[in-house]
Structures are given as C-alpha cells and as structure tokens.
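Residue-level structural notes
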Amino acid sequence: MRNSKNPSIGKSTTITERNHLQTEQALLAAIVNSSEDAIVSKDLDGIITSWNPAAERIYGWKAEEIVGKPKSLVIPPDMPNELAFILERIRAGHRIEHYETRRVRKDGVMIDVAISVSPVKSPEGEIIGAATIIRDITDQRFLEAEQARLAAIVNSSEDAIVSKNLHGIVTSWNPAAERIYGWKAEEIVGKSKALVIPPDMPNELSAILAKVQAGERIEHYETRRLRKDGVTIDVAISVSPVRDSHGRTIGAATIVRDITQQKRTERELQRRQEEVELLNVRLKRAVQETHHRVKNNLQIISAMIDMQSIEYIHQETVPLGELMRLGHHIRTLAIVHDLLTRSLQEDEAEQYISSTSIVGNLLGLLEQTSGGRRIHSDVQEMELLSKQAVTLALVINELVSNALKHSAGEVDVSLRAQGCTAELRVSDSGAGFSQNFDPVTQANLGLELVLGLIESDLKGKIFFENRNEGGASVRAQFPLPETLGNGLPIPAPAVKEPV
Amino acid sequence: MIQPLPSTSPWLPLWTAPAQDPSRKVDPLDWRRLLHGSALLRDKRIVIVEDEGLTQIQLRKICLLAGMEVVGLATDGEQGVEQVLLTQPDMVLMDIKMPILDGLNAAERILQELSVCVVMLTAYDLDDYKAQAQAIGACGYVFKPVSASSLIPQLEAAYTVFQRKPA
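Residues numbered from 1 in each chain as written. Chains lettered and ligands numbered in written order. Predicted model: local features only at pLDDT ≥ 70, side-chain atom pairs only at ≥ 80, totals over all residues. Heavy atoms only, no water.

As for the overall build of chain A
For clarity, the cut-off: For helices the rule is a DSSP run of H or I covering at least 4 residues; for strands it is a run of E covering at least 2, with both sets numbered from the N terminus onward. Exposure categories follow from relative accessible area, calculated using a 1.4 Å probe and restricted to protein chains: below 20% of the type maximum is buried, above 50% is exposed, and the middle band is partly exposed. By the convention used here, residues are in contact when the closest approach between their heavy atoms is within 4.5 Å. For accessible areas, the Shrake-Rupley method is used with a probe of radius 1.4 Å. Any residue's cover is judged against the shown protein chains and nothing else.
Counting secondary structure elements, chain A contains 13 helices and 17 strands. Split into buried and exposed, the 499 residues of chain A put 40% on the buried side. The contacts in chain A between residues at least 6 apart in sequence include a share of 51% that link residues at least 24 apart. When the accessible surface of chain A is totalled, it reaches about 27,600 Å², and 54% of it is carbon and sulfur.

A short note on the sheet that holds strand S14 (residues 411-418) of chain A
Residues and elements named next belong to chain A. What counts, and what does not: Here, any two strands with at least 2 DSSP bridges between them count as paired. Whenever a helix is involved, its axis is fitted only over the stretch in contact; in every case the axis is a line through C-alpha atoms, and angles between N-to-C directions fall within 0 to 180 degrees.
Across the sheet, five strands lie side by side as S12-S14-S15-S17-S16; this open sheet has mixed pairing. The open sheet terminates on both sides in strands that have one partner only, identified here as strand S12 (375-379) and strand S16 (461-466). The average undirected angle you get between the axes of adjacent strands in this sheet is 15 degrees. Pairing analysis gives six bridges linking S16 to strand S17 (residues 472-479), with the strands arranged antiparallel. Of the residues in S17, the one forming a bridge with Lys461 is Gln477. With respect to the sheet, helix H12 (residues 386-406) is in contact with S12, S14, strand S15 (421-427) and S17, its orientation differing from that of S15 by roughly 20 degrees.

Observations concerning unusual backbone geometry
A cis amide bond links B:Lys144 with the next residue in sequence, B:Pro145, at an omega value of -5 degrees. Phi is positive for A:Lys459, which is not a glycine, with a value near 55 degrees. Structurally, the position occupied by A:Lys459 is in the loop between helix H13 (445-457) and S16. The backbone of B:Asp43 sits at a positive phi, close to 65 degrees, despite the residue not being glycine. Tracing the chain through its elements places B:Asp43 in the loop between helix H1 (12-15) and strand S1 (45-49). Note on B:Asp43: relative accessible area 58%, which makes it exposed.

Looking at the pattern of salt bridges
So the rule is basically this: Salt bridge, as used here, is a side-chain nitrogen of Lys or Arg placed within 4 Å of a carboxyl oxygen of Asp or Glu.
Tallied over the entire structure, the rule returns 39 salt bridges over all chains. As a salt-bridge pair, A:Glu311 and B:Lys61 come within 3.5 Å of each other at their nearest N and O atoms. Taken together, the residues span two chains, with A:Glu311 in helix H9 (residues 260-311) and B:Lys61 in helix H2 (residues 53-65). Classification of B:Lys61 by relative accessible area gives buried; the value is 11%. Beyond isolated ion pairs, a larger network of salt bridges with shared partners links A:Glu268, A:Arg271, A:Arg272 and A:Glu275.

Quick notes on the packing of aromatic side chains
Condition: Centres within 6.5 Å make a pair out of two Phe, Tyr or Trp rings, where for Trp the six-membered ring is used; the pair is then stacked when the planes are under 30 degrees apart, edge-to-face when over 60, and tilted otherwise. Two thresholds decide whether a charge sits over a ring: the Lys NZ or Arg CZ must be within 6 Å of the ring centre and within 35 degrees of the ring normal.
Evaluation of the coordinates by the stated rule reveals seven aromatic pairs over all chains. Centroid distance A:Trp51 to A:Tyr59: 5.1 Å. Interplanar angle 35 degrees. Geometry classified as tilted. Here the two residues A:Trp51 and A:Tyr59 agree in accessibility, since each one is buried. An angle of 85 degrees between the planes, with centres 5.3 Å apart, marks the rings of B:Tyr141 and B:Phe143 as edge-to-face. Ring pairs connect the aromatic residues A:Phe433, A:Phe437 and A:Phe464, which therefore count as one cluster. Cation over ring: A:Lys106 sits above A:Trp61, and NZ or CZ is 5.5 Å from the ring centre. Sitting above the plane of the A:Phe463 ring, A:Arg475 keeps its charged end 4.5 Å from the centroid.

Some remarks on the confidence of the model for chain A
Low-pLDDT portions of the prediction should not be read for the details of their coordinates. Residues and elements named next belong to chain A. Counted only if it meets this: Along the chain, pLDDT gives the predictor's confidence residue by residue, from 0 to 100.
When the pLDDT values of chain A are averaged, the result is 86; 92% of them are 70 or greater. Low pLDDT, under 50, characterises residues 1-8; the stretch is placed with four contacts to residues that sit more than four places away or in other chains. Ignoring residues within four places in sequence, the model shows residues 483-499, a span with pLDDT below 50, making 35 contacts including any to other chains.

A few points about the packing of helix H11 (residues 355-368) of chain A against H12(A)
Residue and element names in this part refer to chain A. Under the convention used in this document: In this scheme the handedness of a crossing depends on how the near helix is turned from the far one: anticlockwise by less than a right angle means left-handed, clockwise means right-handed. In the scheme used here, Gly and all other residues not listed as nonpolar or charged are polar, with Ala, Val, Leu, Ile, Met, Phe, Trp, Tyr, Cys and Pro taken as nonpolar and Asp, Glu, Lys and Arg as charged.
Taken N-terminus to C-terminus, the directions of H11 and H12 make an angle of 35 degrees; their axes are 10 Å apart at the nearest point. Considering the relative orientation of H11 and H12, their crossing is right-handed. Every residue of H12 that contacts H11 at Ile358, Val359, Leu362, Leu363 and Leu366 is listed here: Ala389, Ala393, Ile396, Asn397, Val400 and Ser401. Here the contact of H11 with H12 is composed, by residue class, of nine nonpolar, two polar and no charged.

Brief notes about a nonpolar patch on the surface
Residue and element names in this part refer to chain A. Our working rule: The patches described consist of residues with a relative accessible area above 30% and no salt bridge, like charges being joined within 9 Å and nonpolar side chains (Val, Leu, Ile, Met, Phe, Trp, Tyr) within 5 Å.
A cluster of nonpolar side chains, namely Leu27, Leu28 and Ile31, defines an oily patch on the protein surface of about 300 Å² accessible area. Here Leu27 is to be found in helix H1 (residues 7-34). Overall, Leu27 belongs to the exposed group, its relative accessible area being 53%.

Remarks on the packing of H12(A) against H13(A)
Residue and element names in this part refer to chain A. Put simply, the rule reads: Each angle receives one of four descriptions, namely roughly parallel if under 35 degrees, roughly antiparallel if over 145, roughly perpendicular if within 65 to 115, and oblique otherwise.
Packing of H12 against H13 brings their axes to within 10 Å, and their N-to-C directions diverge by 155 degrees. When the axis of H12 is compared with that of H13, the two are roughly antiparallel. The chirality of how H12 crosses H13 is left-handed. Together, Lys387, Thr391, Leu394, Val395, Glu398 and Leu399 of H12 and Gly446, Val450, Leu453, Ile454 and Asp457 of H13 make up the contact between the two elements.

Regarding the nonpolar core
Our working rule: Put simply, a nonpolar core is a bunch of buried Ala, Val, Leu, Ile, Met, Phe, Trp, Tyr and Cys residues held in one set by side-chain atoms that sit within 4.5 Å of each other.
By size, the foremost hydrophobic cluster in this structure holds 55 residues, and its most contacted members are A:Ile358, A:Val400, A:Leu415, A:Leu424 and B:Leu54. Among the elements that make up this core, the one with the highest residue count is H12(A) (eleven residues). Ignoring any residue separated from it by four or fewer positions in sequence, one finds B:Leu54 in contact with A:Ile300, A:Ala303, A:Met304, A:Met307, A:Leu394, A:Leu449, A:Leu453 and A:Asp457. By size, the runner-up hydrophobic cluster in this structure holds 28 residues, among which are B:Cys63, B:Leu93, B:Val119 and B:Ile152.

As for the side chain of A:Lys164
Residues and elements named next belong to chain A. Rules: Counting rule applied: Lys, Arg positive; Asp, Glu negative; His and chain ends not counted. Polar contacts, as used here, are pairs of N or O atoms within 3.5 Å; protein pairs need one atom able to donate a hydrogen and one able to accept it. Residues neighboring in sequence count only if both atoms are side-chain atoms.
Tracing the chain through its elements places Lys164 in strand S6 (residues 160-165). We note that Lys164 is buried and unpaired, the nearest opposite charge coming from Glu204 at a distance of 9.2 Å. Within the structure, the side chain of Lys164 is placed 3.1 Å from the side chain of Thr254, a separation counted as a polar contact. Once residues lying within four places of it in the same chain are set aside, the contact partners of Lys164 are Ile169, Val170, Thr171, Lys193, Leu205, Ile208, Leu209, Gly251, Ala252 and Thr254.

Structural notes on the pairing of strand S10 (residues 249-258) of chain A
All names here are of chain A. Relative to S10, S6 is paired through six bridges, and the arrangement is antiparallel. Bridge pairing in S10 links Ile161 to Ile255. Bridge count between strand S9 (residues 232-243) and S10: nine bridges; the pairing is antiparallel. Bridging from a neighbouring strand, Pro241 pairs with Ala252 of S10. In textbook terms, the turn of a hairpin is the stretch between consecutive antiparallel strands, and for S9 and S10 this stretch comprises five residues, one of which, Gly247, has a positive phi near 85 degrees.

Comments concerning the interface of chain A and chain B
Think of interface size as the accessible area that goes away when the parts come together; that is how it is often given. Operational definition: In this description, buried area is defined as the sum, over both parts, of the accessible area (probe of 1.4 Å) that is lost when the two are combined.
Between chain A and chain B, the contact holds 29 residues from the first and 27 residues from the second. Taking both partners together, chain A and chain B bury about 2,400 Å²; carbon and sulfur atoms supply 60% of that area. Applying the counting criterion to the chain A and chain B interface returns four salt bridges. Seen at the junction of chain A and chain B, the total is 14 residue pairs in polar contact (both at pLDDT 80 or more). Elements represented by at least two residues in the side of chain A that touches chain B include exactly H9, H12 and H13 of chain A. Among the elements that make up the side of chain A that touches chain B, the one with the highest residue count is H9(A) (14 residues).

The following block contains the structure:
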C-alpha cells in the first residue's frame, strides 16, 4: 500500500513493500509451480490467463498452447452450461468448494476432477476473474468403483468370504459367512477364528496360519467347521495371504463353501451304488442258483427217462403206467422248484425249505390222482436243505404211489424229528410185505430209486416193516442239515411243533 | 460229445474223438445199438463218483449196459480218491461239483498216483473247468444231462484218447 503523508518513509516503505511483494510473489509462484494440483486462472469471460505445470500434466495442454484461449476447451461437450454457471457464481462473489465434475484432456480422454474456484479481485476489490484448483481424482474414482464392485461381489457371494489377521482374529465376515456359520459379523469380527473350528481339530487353525505366513495358498481343502448352533458342517476352503502395500503378509482371506449337502449327496450316491452292486450280486447269485436248479431238474428228468429206457430196452416199449409215474415225478419236481423259487425270492441266501410246505403240496398233488383215497399226514415243521427237499419229494412220491397201488384204504405219511434225525414213515393198510421180501433183490426201478436216493442223497437208512395192525410201513431215517457234514454253512435246524 | 479244444492247444490229439466214417448213416435214437453194449468198454472196470443219488443210479445202469464192471461208487471227491486208489479201475467217471472235495481236485490227486482214464462230468459248460480238466490230464469232459445213447460213445472216445496217451 502506498503512504502519501511521509514520502521518505513512504519511499522506504514502498521499497520494503515491493521487496516483500516480490518475495511473496516468488513464493506463491513456487507454490503454484510445484503444486500436485492444477492451478488455473481465467477472466470473467472464461479466457485462461494462467496455467501451471500440474495443469499441463493433468490436461495435456502446454501453458503456451492454452493461455489466452477459452476454458471451454477442457469442458466436456455434454456440459455446455457448466462454465457459465461457475462464472456466474464467481461474479456474484461466491467460492466453489470441492465440486466433483469431469473435464476433457487434450487427447480427448475424459477425467474425473475435484475443483475449487475462488474469485480473483483487483486491488480495488473488483472481481476480475477466477482461480481454480483442479485435482485429478480419476484414479481415486476408479479405486472407489473397484472397491464398491469387490464389496458387492463379497456381499452377494454364495460362499463365505472371511478375512483374519495373522493371530487368527476375524477382520471381515460377509453375509454368506453369517448364513453358513450362524454368526453375525458384529458378533465374530474381532474374535478368534477358532470359534468355528471343531474341538477335535485343535491344530488346524495354526497349521493354516503357518502356511499363509509362509506365503502359500491353500486350494480347495475339504474339512469340517462348527456352526454357532454346534452343528458340524462339511466345507471346502481356499485360503490366500493378504499383503500390505509393501508386500508383507498381514493376514489371510478365506473362501468357504458349504459342501455339507454335496457330501451328503455323495454319501447317499455311494450308499445307493453299493446297494445296486449288492443287488446285482444277489441277482447274479439268484440267476446262478435258479440255473443250477433248473439244470438239476432237467438232469433228474433226463435220468429218469433214460433209466426207464434202459429198464425196458429189451421189451422195445415202456408201459404207459411207467410213463405216468414219470409224469408224477416231473410234477413233483415242479412243486419243489416252485417252493424253492419262492424261498429264493424272500432271501437269496436261503437254502432251506419248509417240510410242511413240501409235503403238504406234494400230498395235495397225489390226492388228485388217488381216486378219492385219503392220504393222512402228520408232518412236523422243520427246515430242509433244497437238495434234501428234492430227494424227499421224489421218495415220498414213489412210496405213496406204491402204497396206493398195492393197498386199499387210507395211506398215512408222517415226518417227525427226533433230535438231529428226521424220520419219514409211509404206511398203508394193505397185505404188508411177504416174509421173504428182500428190497435189494426184489426192487423194481421205483424202489431202486428210493434205496439209492435215501442212501446217497439223504445219507439215511430205510426199513421195510409190517405193522401190528396190518399193512406195510416204510420208514426212512436221515440226518437233519446240521449233521450232514457236507461242508455247507448250516444254522441249527429250526424244529417246531406241528401247527 | 467230447468238447474239441482250440487248435492251438498242445493237448488237441488227446482230446479229439476217434475218427468216424462220414459215409455211415447213424440214427441217434436207434436204441438197438445199445443192446450189445460196447466192445471197447466191455469188462472195463469203472468207479463212479457222483453226489446226486439219482444220477449215480443212472450212470451205474449205463455203465452196466455198456458191459462195464462198476467196481466202486462214491458220493464225494474224498471217497472217490479212496475208491479209485483201492480198486485201481480202468476208468473213472467224476462229477465236478461235489461236497468235501470237488471232482477236479479229486481227479488231480488220482492222476498223480495212477494212470487211469478220467472223464469229468458236469452241469456247467465253463471254459475254466474245461481248461483245468485238460491241465490235470483228464481224457474227457461230459455235460449233464446224459443218456445211455450219448454217454457210452463219449466214454469210448475218452478211452481211445487214454489209449493214445504216451505212457
């Protein structure tokens, strides 16, 4: 400021003031030139009057290119009114503080900026222009957008995303983590991650932290975790080290996928697979067993026909009665096969057949052709091996047919167990055996079969007796399954009283 | 029929049935040819090892019809070995699936002790069984069901194979 009353003092002051102003100006120029922010001035018509080095860097325009030109050069075309608005505010004496907007660089690239605009006044106090400080916030905006994007990903993730420091203290906990573990973020952040580790895995957290500290990643590690309600869940976790700007590991970020349902499904699939395999094994065994039985029956039928052929080979013809007897045997085999197949359906490992079923069905068949004669039965329930059942049915068929043929009246059939021995008795009320009856030398083919079957297949003995009350009785004793000693796995015989 | 083996088998000559006259007519159902038994098998001594009683009776009848002498009957492999070593027969008719000791093991034990014509009998047409039977030195392999008209020629063929075997 000039002083008109004391010229010497005024002169001295003027020099001092000038020096001071020069110093101040130099200082301001240095500040403006070294500023990281663009500092630009313009007049009230929007014509640029100064342009610092930072403005050159931010906008790409050199000072000499743009000073004297309108500020609208750096205003995006889609904001035609912004410059007028700013200048109007300035003319009115207002400042504009930290106004975030966009500007266009010389190369056409759009940048985000924060601007502060102040009026520039003449020494007389008249507003003659505006000084603008511009900060390029493009990177900051990008980082903010990136951060928001990542936050959205984390928040909307189906997987739990959790971070912890190197002491295992939880530092972040997304909504999926809340859902999977049952802990709210505010309940667990700041607490130890050990809260979600099952008690039987005490070393797991420290092992994971040790790997992270060594800079290692852990990829898809399947393990278990503990929910807040105490339920253990199956999880797959991936752990990555979290590093600071200097590259130092400061914690770990963990992605946790709840695979409980997947594991349950896998176990269920595994169980079903095993069931299917077991069923296949059972089916294969059942088919093999059925094949064996069918083949065995065919062999028996073939053998019986062949034996009849040999028996009558010199007579050239087989009596019709013998053919009918063969028919009986075939139907007998069909009954046994039917019962065996049924027992196989109930339990494929079942090798046994009920004595009452076999005898009941067989006698029913024999009564169909007995001409109205009754066949009494007294059969104790016991379980017979399938081979025993086939043989017993053939023997009963032969003995009852013989009794019906050689006697009148009723025929009695009994099958009882005495300890581990079964006794079959077929009795009639006919004339009985002659005194000199010798079953070996006088045996016809039927009796020969009975003798052979009882001895070879049933490992038993046969007795031919006359009853005191009249009539013949054929008695066969044979061991029940547990005493056969044929190497098969046989449980104790289930001998029951007659029903 | 005796089952032919693959042509690469070194056992082929031993397992091939005797050559037949292709110009001769044969009625498979002509039972009359059975009336005179078998010239080749007549008086040959045989042990039958079969656990099915009815089949055992049938086999015995067929062998008797062929003119053979049945010198032993057994219902399991163990008994079969005992009978054969005791009676030293010309032939053994051995079922495979039997209790206590199966026919293949029984036949192997017999053939380690004795040079005899062993014919294996089975309800199962399994290559594995056939290969094992061949490996232990059996002379024939017969499938069930059998009949007199089919078994007697098969026993004859097996016995011919046995006769051709080097001592």
